[in-house]
Amino acid sequence: MDVVVIGGGAAGLSAAITLGRSLRSVVVIDAGSPRNAPADGVHNFLTRDGMPPGELVDVGREELARYGGRFVTGKAVSAAVTDDGFTVRLASGEQISARRIIDATGLTDELPDVTGVRERWGRDVMHCPYCHGWEVRGRRLVILGSGPMSGHQALLLRQWSDDITYLVNTAPTPTPEQREQLAARDIRVVEGAATELVVAPDATGGDAITGVRLDDGTVVDCEIVVVGPRMVARSAVLDALGVGRADHPLGPAVADVYAADPMGRTDVLGVWVAGNARNAQGGVINAAAEGFTAASMLNMDLVLEETEAAVRQRRSATPARCTS
């Protein structure tokens, strides 16, 4: 096997399809727990806007199969270096060997510890205005403070709604300058700690958020809650191989990801990483692009290795000339 790809989302499938089209043998291992599974649709993806995440993956798998790629459902739990490359072990005990690895396992969102947030994540609890801002435009939003970027989130979401409340919660207390900025944009600031989301039946027969309850019993009215989760990349394969971590530009409270160069190459020879595992802010379209980039660079790496081997073989097969 030329390449094993860990993770079957947009980055992993894009990488695998690129490799399949390059006549490389490739297998994708995926555990079946995509980060964006709760979302109704993928947005800001040219020609695929609004497509359900599961449908995007299904189409990607079909494309991969057309180019000879294989898909394995399972969880990769470790990896080891071998004479010929790497061996990846799955939770089932199966082992898959390959010359190179691309990790595209993405991120885990560490959500605020407020009752109801996790249950409604991807529905009426959101984090990215570029992913969901259009869908919540003009509605009553509460920015649930949870980190150093929460105040920035409040200013950013003001682009989509003029009814914004910034609930400081566990975020740093706004500075006088930040308070001035929020006031200038007509964003209300509420001090206090959130304990739970208030939910009530809606006109469709389902339910919806109506507010956020604070520890003093006060309820802040809203329809949508915006959180700023800490984003953490955790790959058993990359950790087993000793791939280094990256210092996120906004600090460890915002994200913790793996280090790689712009092409996706890590500090472990033969290992690449693509998508949110190295780029926490990237959307689905970014992840797909990074998968292509990593795969094309990896393919060139294999071409150079094969060329060097061919040169050595040619030299060993060519009789030495007599110079006397």
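Residues numbered from 1 in each chain as written. Predicted model: local features only at pLDDT ≥ 70, side-chain atom pairs only at ≥ 80, totals over all residues. Heavy atoms only, no water.

## A short note on the overall build of the chain
Turning to step 1, where the next piece is worked out: Each helix and strand in the chain was counted, giving seven helices and 20 strands.
Turning to step 2, where the next piece is worked out: Each principal axis of the C-alpha distribution contributes one length, and for the chain these read about 95 × 45 × 35 Å.
Turning to step 3, where the next piece is worked out: Out of the 324 residues in the chain, the part that is buried amounts to 46%.
Turning to step 4, where the next piece is worked out: Considering only residue pairs separated by 6 or more positions, the chain has 58% of its internal contacts joining residues 24 or more positions apart.
Turning to step 5, where the next piece is worked out: Total accessible area on the chain stands at roughly 16,500 Å², and carbon and sulfur atoms take up 52% of it. (Helix = DSSP H or I, 4+ residues; strand = E, 2+ residues; numbered from the N terminus. Buried < 20%, exposed > 50% of the residue type's maximum accessible area, 1.4 Å probe, protein only. Contact = heavy atoms within 4.5 Å. Areas by Shrake-Rupley, 256 points an atom, 1.4 Å probe, with all protein chains shown as cover.)

## Looking at the domain arrangement of the chain
Turning to step 1, where the next piece is worked out: Here the chain is partitioned into domain 1 (3-109 + 230-316) and domain 2 (112-227).
Turning to step 2, where the next piece is worked out: Centre-to-centre, using C-alpha coordinates, domain 1 lies 34 Å away from domain 2.
Turning to step 3, where the next piece is worked out: Interface of domain 1 and domain 2: buried area, both sides summed, is about 760 Å²; carbon and sulfur atoms make up 59% of it.
Turning to step 4, where the next piece is worked out: Per-residue buried area on domain 1 facing domain 2 is highest for Pro 38, His 43 and Asp 109; these three make up 48% of the total on that side.
Turning to step 5, where the next piece is worked out: Our count for the domain 1 to domain 2 interface comes out at zero salt bridges.
Turning to step 6, where the next piece is worked out: Remark: the boundary between domain 1 and domain 2 carries two residue pairs in polar contact (both at pLDDT 80 or more).
Turning to step 7, where the next piece is worked out: Here the side of domain 1 that touches domain 2 is composed, by residue class, of five nonpolar, two polar and two charged. (Domains from an automatic or database assignment. Buried area = accessible area lost by both parts, 1.4 Å probe. Salt bridge = Lys/Arg side-chain N within 4 Å of Asp/Glu carboxyl O. Polar contact = N/O pair within 3.5 Å; in protein donor to acceptor, adjacent residues only side chain to side chain. Nonpolar A, V, L, I, M, F, W, Y, C, P; charged D, E, K, R; others polar.)

## Section: the pattern of salt bridges
Close approach of charged atoms allows side chains with opposite charge to pair.
Turning to step 1, where the next piece is worked out: On inspection of all chains with the given rule, the structure shows 21 salt bridges.
Turning to step 2, where the next piece is worked out: Ionic pairing is found between Arg 265 and Asp 261, a salt bridge with its closest N-O pair at 3.6 Å.
Turning to step 3, where the next piece is worked out: On the basis of relative accessible area, Asp 261 is assigned to the partly exposed category, the value being 26%.
Turning to step 4, where the next piece is worked out: A salt bridge links Glu 290 to Arg 278, with the shortest nitrogen-to-oxygen separation between them at 3.3 Å. One end of the pair, Glu 290, is in helix α7 (residues 284-317); the other, Arg 278, is in the loop between β20 (271-273) and α7, with 12 residues separating them in the sequence.

## Topic: the pairing of strand β10 (residues 141-144)
Turning to step 1, where the next piece is worked out: The alternating pattern of β10 places Leu 141 and Ile 143 on one face and Val 142 and Leu 144 on the opposite face, and all of these are buried.
Turning to step 2, where the next piece is worked out: Sheet topology note: the β10/strand β11 (residues 164-167) ladder contains four bridges and is parallel. Paired with Ile 143 across the two strands is Tyr 166, which belongs to β11.
Turning to step 3, where the next piece is worked out: What joins β10 to β11 is helix α4 (residues 150-157), and the crossover it makes is right-handed.
Turning to step 4, where the next piece is worked out: In terms of strand pairing, β10 meets strand β16 (residues 224-227) through four bridges, oriented parallel. When the sheet's bridge partners are listed, Ile 143 is paired in β16 with Val 226. (Pairing = 2+ DSSP bridges. Right-handed = clockwise from strand over helix to strand, strands pointing away.)

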